[in-house]
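So the chains spell out like this:
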Amino acid sequence: MQPPGMMPQGYGPSPMMGPAPYAQMAAAPDYGQVSPVSYDPSMYEPVGDYVEYENYAGAGYDSCGDGGALPPRAYGGVEAMMVWRKGGNYPPLLTTSANADRGILGNPSTQIVWGDGNEHGNPTAGGRITLGLWLDDYQNWSVGGRFMALEEQSQGFTATSDQYPVLAYPFFNLNTGLQDSTIVALPGTGTGAANNTTVNFENRNSFYMGDAFLTKHIATNNGNRWDFIGGYTYFKMEDSLYNDATFTVQDLAPPGGLSTGDVVRYSDRFDAVNEFHGGHVGLMAEFQDGPFSWRAMGKLALGSAHQEATVSGLTTANGNFVRNEGVYALASNSGSFSRDKFVYVPEINIEMLYAYNCNLDFKIGTTFIYFSDIVTGGALINNNIDPNGTAPVFQFNEQEYWILGMTAGVEYHY
């Protein structure tokens, strides 16, 4: 989430221009030739590194009807968002091939059906709110908070034996030192033969983020303003990858205690949670051109992310329990795990605002947030397997993550 997303006077009209400069400009016959900052320097008394607003009423800046000579003290904003998130980074998880190659990686006809890279979903909606309050009459210091939440992203993939007569889960066999596979669809009869197969993958991701901030005015020049921002940042991201396969055994002598005609289901669950607490610092700048303003913000959050992972598997036959293992979630890597990890989170926001009146601004913009180390469900998969049961072993795999979004909203100053 961007720092306050509002420049220190509610992120609307520049403090140097008073609470309602645009309404005055619009009333002028020659608006368009009027400089965005036109004032008598004698009207303002410098106070430290900011300007004291003594003569707004006398300068005609009371178009809001509040009779006051000071700029707004409270500000807030609401934004709608459309965001893209980095897709899950998975190893090859499902293959197809000619019968003889059995979906084994490296064999001549084997092709990857799903995995082996970033699987991206569609953009999703989100929202962000900001509330703030100036601590003085000169918009020198302010405090506030923001909250952003994104719609849960659900990305799925389904393959059947009607589409792919051969379907297999590839893995590296640590016992033989060769590529191998677990067959779930293979025509005919023989070892591993199966039909009526359906394989489903589903990746779910949820995210929300909030911060509390303090801003300090640095400089103002001809209606353009620079501010420092610092504070506390929190985010929580949950990511899960589910794998389910259902098939009917065709073997005359199937392995694993299964019988010909059995309906078998494999299930894998890889769940990850990331919870971050840290501090942030950054800079904000706003540049005005008549009723339009450009605002840029950059900040960096540093802190600790508590990361949790849960891995579980299940195999059933005809609806009856067989074992607490799936395809990639086996006894050797199943369980619950946690760690604390240092994470840095840079954020950039760029916005264009239009001052509709002295209290209300409309805005559009873009947001980019980067996370140096996130645990996802897909990153928990280890397809180096020892069929004797000693591997895979669980390990946290570092993965970068980002959110890119477009925003549109309103800001109100009072």
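Check the entry above for the structure.
Residues numbered from 1 in each chain as written. Predicted model: local features only at pLDDT ≥ 70, side-chain atom pairs only at ≥ 80, totals over all residues. Heavy atoms only, no water.

Colleague: Honestly, the overall build of the chain in this entry has me stumped. Any pointers?
Modeller: Check the secondary structure of the chain and you find one helix and 20 strands. Expressed as a percentage of the 414 residues in the chain, the buried residues total 51%. Taking the contacts inside the chain whose residues are at least 6 apart along the sequence as the reference set, 74% of them involve residues at least 24 apart. Accessible surface computed for the chain: about 17300 Å², of which carbon and sulfur atoms make up 56%. (Helix = DSSP H or I, 4+ residues; strand = E, 2+ residues; numbered from the N terminus. Buried < 20%, exposed > 50% of the residue type's maximum accessible area, 1.4 Å probe, protein only. Contact = heavy atoms within 4.5 Å. Areas by Shrake-Rupley, 256 points an atom, 1.4 Å probe, with all protein chains shown as cover.)

Colleague: What am I meant to see in the nonpolar core here?
Modeller: If you look at soluble globular proteins, the nonpolar side chains tend to sit buried side by side. Counting residues in each nonpolar core, the largest one holds 36 residues, and the members touching the most others are Leu 93, Leu 94, Tyr 169, Val 184, Val 199 and Tyr 328. Counting only elements with at least two residues in this core, the list comes to strand S6 (111-114), strand S10 (167-173), strand S11 (178-185), strand S12 (194-221), strand S13 (224-249), strand S14 (263-289) and strand S15 (292-317). Listed in part, the 18 residues of the second largest apolar core include Phe 235, Val 343, Ile 369 and Ile 403. (Core = buried A, V, L, I, M, F, W, Y, C linked by side-chain atoms within 4.5 Å.)

Colleague: How should I be thinking about the pattern of salt bridges in this particular structure?
Modeller: Evaluated as defined, the whole model comprises 20 salt bridges. Residue Glu 79 pairs with Lys 363 through a salt bridge whose shortest N-O separation is 3.7 Å. Here Glu 79, found in strand S3 (residues 74-85), pairs with Lys 363, found in strand S18 (residues 360-371); they are 284 residues apart in sequence, far enough to count as distant. Since its relative accessible area comes to 4%, Glu 79 is described here as buried. Among the ionic pairs, Glu 286 bridges to Arg 295, the shortest N-O distance being 3.8 Å. Exposure remark for Glu 286: the relative accessible area of 2% places this residue in the buried category. By sharing partners, the salt bridges in this structure join Glu 79, Arg 128, Glu 286, Arg 295, Glu 351, Lys 363 and Glu 411 into a single network. (Salt bridge = Lys/Arg side-chain N within 4 Å of Asp/Glu carboxyl O.)

Colleague: So what exactly am I meant to see when it comes to the pairing of strand S8 (residues 124-134) here?
Modeller: The two faces of the sheet receive side chains in turn, since in a regular strand these alternate between them. Of the two faces of S8, only the one carrying Thr 124, Gly 126, Arg 128, Thr 130, Gly 132 and Trp 134 is buried; Ala 125, Gly 127, Ile 129, Leu 131 and Leu 133 on the other face are not. Two elements, S3 and S8, share 10 bridges in a ladder whose sense is antiparallel. Looking across to S8, one finds that Val 78 is bridged to Ile 129. Sheet topology places S8 next to strand S9 (residues 141-160); nine bridges connect them, and they run antiparallel. In the sheet register, Gly 127 faces S9, and the bridge partner there is Ala 149. As consecutive antiparallel partners, S8 and S9 are separated by six residues, and within that stretch Gln 139 has a phi angle of approximately 50°, a positive value. (Pairing = 2+ DSSP bridges.)

Colleague: Looking at this structure, I do not really get the environment of Ser 206. What am I missing?
Modeller: With respect to the helices, strands and loops of the structure, Ser 206 is situated in strand S12. Ser 206 sits in the partly exposed class, given a relative accessible area of 23%. Excluding residues within four positions of it along the chain, Ser 206 makes contact with Arg 85, Lys 236, Met 237 and Glu 238.

Colleague: Sorry, what's going on with the pairing of strand S20 (residues 401-413) here?
Modeller: Side chains Tyr 401, Ile 403, Gly 405, Thr 407, Gly 409, Glu 411 and His 413 project from S20 onto a buried face, and the interleaved Trp 402, Leu 404, Met 406, Ala 408, Val 410 and Tyr 412 project onto a face without burial. Direction of pairing for S18 relative to S20: antiparallel, over a ladder of 12 bridges. Of the residues in S20, the one forming a bridge with Phe 368 is Leu 404.

Colleague: Sorry, what's going on with the environment of Lys 341 here?
Modeller: Residue position: Lys 341 is located in strand S17 (residues 335-355). You can call Lys 341 partly exposed: its relative accessible area is 22%. In this structure the C-alpha to C-alpha distance between Lys 341 and Asn 274, which are 67 residues apart in sequence, comes to 9.7 Å.

Colleague: Whenever I open this one, the packing of aromatic side chains confuses me. Can you help?
Modeller: Where two aromatic rings form a pair, the distance of their centres and the angle of their planes describe that pair. Scanning the entire structure with this criterion turns up 20 aromatic pairs. When the ring of Trp 114 is compared with that of Phe 157, the centres are 6.2 Å apart and the planes differ by 20°; the resulting orientation is stacked. Here Trp 114 is found in strand S6, whereas its partner Phe 157 is found in strand S9, with 43 residues between them in sequence. We classify Trp 114 as buried; its relative accessible area is 5%. (Phe/Tyr/Trp six-rings, centres within 6.5 Å; stacked < 30°, edge-to-face > 60°.)

Colleague: Help me understand the side chain of Gln 399, please; the structure alone is not making it clear to me.
Modeller: Take Gln 399: it is sitting in the loop between strand S19 (384-385) and S20. A polar contact of 2.9 Å, which involves the side chain of Gln 399, links it to the side chain of Thr 376. (Polar contact = N/O pair within 3.5 Å; in protein donor to acceptor, adjacent residues only side chain to side chain.)

Colleague: Would you mind showing me how to read the environment of Thr 367 here?
Modeller: Relative to the helices and strands, Thr 367 is located in strand S18. What makes Thr 367 buried here is its relative accessible area of 3%. For the pair Thr 367 and Ile 350, spaced 17 residues apart in sequence, the C-alpha to C-alpha distance is 6.8 Å. One polar contact links Thr 367 to Arg 128, side chain to side chain, over a distance of 3.0 Å.

Colleague: Please explain unusual backbone geometry as it appears in this structure.
Modeller: Backbone phi values are negative for most residues with the exception of glycine, while trans is the configuration of most peptide bonds. Between Ala 391 and the following residue, Pro 392, the backbone shows a cis peptide bond with an omega angle of 15°. Relative to the assigned elements, Pro 392 resides in the loop between S19 and S20. Non-glycine residue Arg 102 carries a positive phi angle of around 55°. Mapped onto the secondary structure, Arg 102 falls in the loop between strand S5 (94-96) and S6. Arg 102 gets classed as partly exposed once you look at its relative accessible area, which sits at 27%. Backbone geometry places Asn 196, a non-glycine residue, at a positive phi of 50°.

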